[in-house]
Structures are given as structure tokens and as C-alpha cells.
Amino acid sequence: MSNPITISYIWNQSNIDKLFEASYKYQFEHSRKRYVGWLFIAIMQFGVVAALKKGAFELLLFATIMVIYWYYGKKIIAKQRAKRSFENSEFKDKKIEMRIDEQGFHILLPYQEEWSWEDIQEVVVLGEDIMIYKYPNFHYIPASGFASMEDKSRFKTLVKKYGRLR
């Protein structure tokens, strides 16, 4: 590859919202915790049925609250935590700039760091956006970070070449 791929974007509220939605869905779909959640929901539904049969209002209320928490509360709490983390982040509203080539990822702004292809555990495509994992760290690249569709295509080709695409 002759020219490095340049990625540039502003780490702002819009990007944190897109990242949260995409990564929350991805993590839920690819986590073993979802099976625990299904078991949890099944137990709570038995609790609802038992409460209705026995007239146990307290058990019905508890089971209902737990089901609502599982479906809605977890995500709301996690999103608030992500927003709070963004608000306190040193990268808030800062320009992020990277260069990607045969050697790996060269993070230029807001700090300097290099990740070789061997350092990167996986690259995950989240809809139009991309997550690059070097556990425990990651970098999010919104689709708007690429200068062109050609650059995004070249990026995916490089990732496939090094066997990191998931």
C-alpha cells in the first residue's frame, strides 16, 4: 500500500452517542451474559405467574420492577455512565487523528501512540463505524473519520490482510 490512510474526526457528543448504541448492541449480542439474562427473565416471569396465582402483590411488584430494569434500566444506567465519562474525558471535543499503514496504527492526536498489527486483538465493524481493540483499550472510528469510501475500503483490506477483522 503506497499511501497511508488518514483518519480524522472530533470526539464529540454525537460520536459518543453512536458509539454507545452500536457497542451496547454488539456487546449484548456477543456476550455470554445474555444467556444469564434470559434465565433471569424466565425466573422473573415465573415469579409474575406465581404472584398472580397466589395474589402476592409484593412478589408481583418485585418481579415487574426487575423485568423493567432488565429491559430498560440497564441501558439507561450504562448510557448515563458513558455520558458522564465523556463529560469528564480529557478528549472531549478534541480532534482525533490517526494514520494507518502496513506497520499498524499511528495515533497522532490528541496524544502519540503506535499500535502494531500484532498488538491489535480485533477490529469490529459496527454498522458504518469501526472499533479497534487492543485490550483493555479501544479506538472508535466513525464512518465520517475516513476521507473517502476508497480509504475505508483500503482500511478493511488491510485489516483482512492481517486477520483482525471480526
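Located above this text is the structure these notes cover.
An account of the accompanying structure is given in this report. (Residues numbered from 1 in each chain as written. Predicted model: local features only at pLDDT ≥ 70, side-chain atom pairs only at ≥ 80, totals over all residues. Heavy atoms only, no water.)

### Regarding helix α4 (residues 149–161)
- Here α4 contains 13 residues, and its C-alpha end-to-end distance of 18 Å stays within 8% of the 18 Å for a straight helix at 1.5 Å per residue.
- For α4, the complete set of buried residues consists of Asp-151, Lys-152, Phe-155, Leu-158 and Val-159. When α4 is viewed along its axis, its buried side chains cluster within an angular range of 120° and face the same direction. Seen from the buried face of α4, the exposed residues on the opposite side, beyond 90 degrees, are Met-149, Glu-150, Thr-157, Lys-160 and Lys-161.
- Structurally, α4 contributes buried residues whose contacts are with β1 (5–11), β2 (94–101), β3 (104–109), β5 (122–126) and β6 (129–134). (Helix = DSSP H or I, 4+ residues; strand = E, 2+ residues; numbered from the N terminus. Expected span 1.5 Å × (residues − 1). Buried < 20%, exposed > 50% of the residue type's maximum accessible area, 1.4 Å probe, protein only. Arc of directions from axis to C-beta. Contact = heavy atoms within 4.5 Å.)

### Overview of the packing of aromatic side chains
- A complete count under the given rule lists 12 aromatic pairs for this structure.
- Each ring, one from Trp-11 and one from Phe-86, has its centre 6.4 Å from the other, and the planes form 75°; the classification is edge-to-face. Taken as a pair, Trp-11 in strand β1 and Phe-86 in helix α3 (residues 57–87) lie far apart in primary sequence, 75 residues in all.
- Phe-86 gets classed as buried once you look at its relative accessible area, which sits at 3%.
- Ring centres of Tyr-133 and Phe-138 lie 6.1 Å apart, and the angle between their planes is 45°; on these two criteria the pair is classed as tilted.
- Judged by relative accessible area, Tyr-133 falls into the buried class, the value being 10%. (Phe/Tyr/Trp six-rings, centres within 6.5 Å; stacked < 30°, edge-to-face > 60°.)

### Describing the sheet that holds strand β7 (residues 137–141)
- Across the sheet, three strands lie side by side as β5-β6-β7; this open sheet has antiparallel pairing. In the strand order of this sheet, the two ends are held by β5 and β7, each with one partner. Between one strand axis and the next, the sheet turns by 20° as a mean value, whatever way the strands run.
- Pairing geometry for β5 and β6, over five bridges, is antiparallel. When the sheet's bridge partners are listed, Glu-122 is paired in β6 with Tyr-133.
- Relative to the sheet, helix α1 (residues 13–29) contacts β5, β6 and β7, its axis offset from that of β5 by approximately 105°. (Pairing = 2+ DSSP bridges. Axes fitted to C-alpha atoms, helices over the stretch in contact; angles between N-to-C directions.)

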